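Chain and residue survey
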Amino acid sequence: PSDTRRAITEGASSLGRLQFPTARPDPAFFSNGWQSWSHTGSYGMQDAYRRTRLGPVVSPMWYNASTPQPRRAGTFASDMFGVLGDRKSRLALLAGFLSQQQQFGTLEALLNPRAPALRLWASGDGARLDPGAQMETDWACVSFLQVDDPDPLAPYLDAVARQNGIADTAGSSIGSQVPTTGWCSWYHFFQKVTANDIRANLEAAAQLRPSFPIDLIQIDDGFEAQVGDWFDFAPGFPGGPAPLAAEIRQAGFMPGLWLAPFIVHPKSQLYRQHPDWLLRGRFGRPANAGFVWDVF
């Protein structure tokens, strides 16, 4: 893998190289972010990959651990899928995985006008494959597209929807469905929220119908006693979220609940009672999920 990456970075390998019909193409790369906080957008040859200067404080939250963070101008990474194209001819190549069920898919692109290159791989995260055992990746997809099409990503996203079983009752893909809209407690109350706050906003949402048509009422962070202790509740939620879910449903809305099941706060009971459940790094220390809730 290191030899392959070096060859692509230097543009010296025919493997993964693209040729565009223009004499001097202007390559660009659309990078898809790891999650909703990560940068998503297009890069040109002179751009630098968007990185954070806060290092271990936020990197574990913004970047997949196995995704490269290139430092060299013109070299970029992407998660799950990416698009390498030519701004002159308006032609592009999309590459990506149709699901992330077996491994996470990663891409790396080199924007060299003489030899633009693209690499796509499934990350096994260093997992051991014993003799005689087998491992499969998710299905990958490679397709050409016109950048100026009204919806150039539609064929890929429709394939992703079919692969993941996302379709409406008529069999149409997710692209034809109306998105769910709703109210979430986080964006006003953050962690300082109580069951009565949820009830007050539920009542307001019900009174505003139909001029304020929303479907979802979501209880976000703040209901749990501690991150990791999801079955123990904060003083503001003496009955937990279940009674509120019933009230939300009775009012004609869909109840939602925020969870972070793979993050454990050092002050949680789970941390003290089940230290063997924690993912650890090479020095035996608990894996760093970033600086959240005022603690690593």
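Since the structure is predicted, the reported quantities are computational estimates derived from the model, not experimental observations. (Residues numbered from 1 in each chain as written. Predicted model: local features only at pLDDT ≥ 70, side-chain atom pairs only at ≥ 80, totals over all residues. Heavy atoms only, no water.)

A tally of regular secondary structure across the protein chain gives 7 helices and 13 strands. C-alpha atoms of the protein chain, sized along the principal axes, occupy 65 × 55 × 45 Å. Counting every position in the protein chain, which comprises 296 residues, the buried fraction comes to 37%. Residue pairs in contact within the protein chain that sit at least 24 positions apart in sequence constitute 66% of those at least 6 positions apart. Approximately 18300 Å² of the protein chain is accessible, and the part contributed by carbon and sulfur atoms is 55%. (Helix = DSSP H or I, 4+ residues; strand = E, 2+ residues; numbered from the N terminus. Buried < 20%, exposed > 50% of the residue type's maximum accessible area, 1.4 Å probe, protein only. Contact = heavy atoms within 4.5 Å. Areas by Shrake-Rupley, 256 points an atom, 1.4 Å probe, with all protein chains shown as cover.)

This next bit is on the environment of asparagine 64. Tracing the backbone shows asparagine 64 in the loop between helix 2 (59-62) and strand 3 (75-79). For asparagine 64, a relative accessible area of 8% translates into the label buried. Taking the C-alpha atoms as reference, asparagine 64 lies 9.8 Å from serine 38; in sequence the two are 26 residues apart. Every residue in contact with asparagine 64, bar those within four places of it in the chain, is listed here: Trp34, Asp79 and Phe104.

By size, the foremost hydrophobic cluster in this structure holds 23 residues, and its most contacted members are Ile198, Ile217, Phe237 and Phe253. Mapped onto this core, the elements with two or more residues apiece are helix 5 (195-208), strand 10 (216-219) and helix 6 (242-250). Sorting elements by how many residues they give to this core places helix 5 first, with 4 residues. Excluding its chain neighbours within four sequence positions, the residues that come into contact with isoleucine 198 are Trp183, Ser185, Val193, Ile219, Phe237, Leu244 and Ile248. Judged by nonpolar contacts, the second largest core, of 15 residues, contains Tyr63, Ala77, Leu111 and Leu118. (Core = buried A, V, L, I, M, F, W, Y, C linked by side-chain atoms within 4.5 Å.)

Turning next to the packing of aromatic side chains. Enumeration over the complete set of coordinates arrives at 10 aromatic pairs. Ring geometry for tyrosine 43 and tyrosine 49: centres 6.0 Å apart, planes at 40 degrees, overall tilted. In this structure tyrosine 43 comes out as buried when scored by relative accessible area, which is 4%. Relative accessible area serves as the criterion here: at 10%, tyrosine 49 is assigned to the buried category. Ring centres of phenylalanine 81 and tyrosine 156 lie 5.1 Å apart, and the angle between their planes is 45 degrees; on these two criteria the pair is classed as tilted. A residue pair is termed long-range when its members are at least 10 positions apart, and phenylalanine 81 in strand 4 (residues 81-86) and tyrosine 156 in helix 3 (residues 154-163) qualify at 75 residues. Note on accessibility: phenylalanine 81 and tyrosine 156 belong to one class, buried. One aromatic cluster is present, built from ring pairs that chain together Phe223, Trp230, Trp258 and Trp293. (Phe/Tyr/Trp six-rings, centres within 6.5 Å; stacked < 30°, edge-to-face > 60°.)

In this structure, the largest pocket spans a volume of roughly 2000 Å³. Every residue lining the largest pocket is counted, 46 residues in all, and those nearest its centre are Pro60, Met61, Phe262, Ile263 and Ala289. Looking at the lining of the largest pocket, the elements with two or more residues in it are helix 2, helix 4 (186-189) and helix 7 (269-273). Here the lining of the largest pocket takes 3 residues from helix 2, the largest share from any one element. Lining the second largest pocket are 15 residues, with Phe30, Ser42, Val83, Ala92 and Val147 sitting closest to its centre. Listed by contribution, the elements that provide at least two residues to the lining of the second largest pocket are strand 1 (27-31) and strand 4. No other element matches the 4 residues that strand 4 contributes to the lining of the second largest pocket. Taken together, the residues of the lining of the second largest pocket sort by class into 10 nonpolar, 2 polar and 3 charged. (1 Å grid on protein atoms, 1.4 Å probe; cavity = no way out; pocket = protein on both sides within 12 Å on 5 of 7 lines; lining within 4 Å. Points joined across faces, edges and corners; volume = space filled by probe spheres on them. Nonpolar A, V, L, I, M, F, W, Y, C, P; charged D, E, K, R; others polar.)

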